[in-house]
Amino acid sequence: QVQLVESGGGLVQPGGSLRLSCAASGSILRINTMGWYRQAPGKQRELVATITRGGYTNYDDSVKGRFTISRENAKNTVYLQMNSLEPEDTAVYYCFGAIATTSLNNYLEVWGQGTQVTVSS
């Protein structure tokens, strides 16, 4: 069984910073794309950022220049550095990964349980 566990959420004032971490554990052969989504109250889940195994990144326009996604393949971990946070960034943040467990020809989409980020004064 494979699981993703997020950490690093919390309450921060506008303009502040947080760093989210997400570590995968279990029977893992390889992890391809990893990333972060978020879901605010009453809204649909939306993509925040993704990163390929080789380090190619993609960001939603709303976070470009403020958020940075990175990963450590040896640790099966993805990070999200969030700077200049705004109240509109308040949401539950979920990490995901495309993970091969038994065969490199078969990847499962695995999700974390979510971590709350609240931006408020």
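Residues numbered from 1 in each chain as written. Predicted model: local features only at pLDDT ≥ 70, side-chain atom pairs only at ≥ 80, totals over all residues. Heavy atoms only, no water.

Participant: Even after reading the chapter, I still don't get the overall build of the protein chain, so can you show me in this structure?
Facilitator: For the protein chain, the count of helices and strands is zero helices and 11 strands. Each helix and strand of the protein chain, ordered N terminal to C terminal, gives the series β-β-β-β-β-β-β-β-β-β-β. In terms of overall size, the protein chain behaves like a compact globule, its C-alpha atoms giving a radius of gyration of 14 Å where 121 residues would be expected to give roughly 14 Å. In terms of overall dimensions, the protein chain has a C-alpha envelope of 45 × 25 × 25 Å along the principal axes. Burial statistics for the protein chain: of 121 residues in total, 40% are counted as buried. By element, 45% of the accessible surface of the protein chain is carried by carbon and sulfur atoms, the whole surface being about 6400 Å². (Helix = DSSP H or I, 4+ residues; strand = E, 2+ residues; numbered from the N terminus. Rg over C-alpha atoms; globule rule 2.2 N^0.38 Å. Buried < 20%, exposed > 50% of the residue type's maximum accessible area, 1.4 Å probe, protein only. Areas by Shrake-Rupley, 256 points an atom, 1.4 Å probe, with all protein chains shown as cover.)

Participant: How should the pattern of salt bridges be read in this particular structure?
Facilitator: Any two side chains of opposite charge can pair, so long as their charged atoms come close to each other. As enumerated under the stated definition, the model contains six salt bridges in all. Where lysine 64 meets aspartate 61, a salt bridge forms, and the shortest distance between an N and an O atom there is 3.1 Å. Where arginine 66 meets glutamate 86, a salt bridge forms, and the shortest distance between an N and an O atom there is 3.9 Å. Pair noted here: arginine 66 is in the loop between strand 6 (57-59) and strand 7 (67-72) and glutamate 86 is in the loop between strand 8 (77-82) and strand 9 (91-100), with a separation of 20 residues, a long-range link. For arginine 66, a relative accessible area of 11% translates into the label buried. (Salt bridge = Lys/Arg side-chain N within 4 Å of Asp/Glu carboxyl O.)

Participant: What should I look at first to understand the sheet that holds strand 8 in this one?
Facilitator: Strand pairing in a sheet relies on backbone hydrogen bonds, with the paired strands running either antiparallel or parallel. The strand order across the open sheet built from four strands is 1-3-8-7, with neighbouring strands paired in antiparallel fashion. Pairing within the sheet leaves two strands with one partner each, and these edge strands are strand 1 (3-7) and strand 7. Neighbour to neighbour, the strand axes of the sheet diverge by 15° on average, direction disregarded. With five bridges joining them, strand 1 and strand 3 (residues 18-25) adopt antiparallel strand pairing. When the sheet's bridge partners are listed, glutamate 6 is paired in strand 3 with cysteine 22. (Pairing = 2+ DSSP bridges. Axes fitted to C-alpha atoms, helices over the stretch in contact; angles between N-to-C directions.)

Participant: Any chance you could explain the pairing of strand 9 here in plain terms?
Facilitator: Across a regular strand the side chains alternate sides, sitting on one face of the sheet and then on the other. Buried residues dominate strand 9, accounting for eight of its 10 residues. For strand 4 (residues 30-39) and strand 9, the ladder comprises eight bridges, and the chain directions are antiparallel. Bridge assignment links tyrosine 37 to a residue of strand 9, and that residue is tyrosine 94. As paired strands, strand 9 and strand 11 (residues 115-119) are joined by three bridges and run antiparallel to one another. Paired with tyrosine 93 across the two strands is threonine 115, which belongs to strand 11. In this structure, strand 9 lies alongside strand 10 (residues 107-111), joined through five bridges in antiparallel fashion. Bridging from a neighbouring strand, glycine 97 pairs with valine 110 of strand 10.

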